[in-house]
Amino acid sequence: LGGYLYTRMAGRLLKRLGEQGLARLGGVLLCLGFVSFAYAPLLAWTPLACLCAGFGFYCLHNTLQTNATQMAPSARGAAMSLFACCLFMGQSFGVSVAAWMAHHLSDQLIFVCAGAGLLVLALVFARRQAGGRPQT
């Protein structure tokens with residue numbers, strides 16, 4: 001549902017927020033969704049957390065992916081392959097870390113760390129975008 005809503009609103013959001021704002025919004029929504037997974041007092045709240053996380057994922061991921069296609073136009077295929085490789089290697093590493101955390105620490109901490117990490121990623125990306133080229 002979050003992905004569907006994103007497709008309906010992406011154009012307006014991009015015009016209003018720009019790439020930097022869209023990345024920030026994605027990070028905030030992902031963090032909110034993941035922290036909600038960790039601390040939702042009722043299971044009935046999780047669909048709203050899923051909606052936030054799904055919408056936030058599309059905001060951040062699509063902005064990252066769009067920029068990946070523009071990094072090296074003459075080597076777009078290699079750039080996208082490297083982007084996908086980093087994404088999937090990071091996910092694989094994250095699963096290993098989460099398994100260790102679940103065994104030794106707590107399940108809630110996994111979601112909190114994931115949310116915080118995604119927020120930091122989004123904010124760093126948006127800041128680097130601001131320094132790299134002026135926003136139109």
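How each quantity is defined
- Residues numbered from 1 in each chain as written.
- Predicted model: local features only at pLDDT ≥ 70, side-chain atom pairs only at ≥ 80, totals over all residues.
- Heavy atoms only, no water.
- Axes fitted to C-alpha atoms, helices over the stretch in contact; angles between N-to-C directions.
- Helix = DSSP H or I, 4+ residues; strand = E, 2+ residues; numbered from the N terminus.
- Contact = heavy atoms within 4.5 Å.
- Nonpolar A, V, L, I, M, F, W, Y, C, P; charged D, E, K, R; others polar.
- Buried < 20%, exposed > 50% of the residue type's maximum accessible area, 1.4 Å probe, protein only.
- 1 Å grid on protein atoms, 1.4 Å probe; cavity = no way out; pocket = protein on both sides within 12 Å on 5 of 7 lines; lining within 4 Å.
- Points joined across faces, edges and corners; volume = space filled by probe spheres on them.

(A) Molecular detail of the packing of helix α2 (residues 46-71) against helix α3 (residues 76-104). Relative orientation of the contacting elements α2 and α3 amounts to 145°, with a least axis distance of 8 Å. Contacts between α2 and α3 involve H61, L64, Q65, A68 and T69 on the former and, on the latter, R76, A79, M80, F83 and L87. The class makeup of the residues in the contact of α2 with α3 is 6 nonpolar, 3 polar and 1 charged.

(B) The arrangement of the environment of G94 in detail. For G94, the location among the structural elements is in helix α3. A residue is classified by how much of its surface remains accessible, and G94, at 31% relative accessible area, is partly exposed. Along the primary structure G94 and A23 are separated by 71 residues, whereas in three dimensions their C-alpha atoms are 21 Å apart.

(C) Spotlight on the layout of surface pockets. Roughly 890 Å³ of volume is contained in the largest pocket. In terms of lining, the largest pocket is formed by 28 residues, of which the most central are L87, G90, Q91, L118 and L121. For the lining of the largest pocket, the secondary structure elements donating two or more residues are α1 (2-39), α2, α3 and α4 (107-132). Considering every element that reaches the lining of the largest pocket, the biggest residue donor is α3, with 12 residues. Considered class by class, the residues forming the lining of the largest pocket number 22 nonpolar, 6 polar and no charged.

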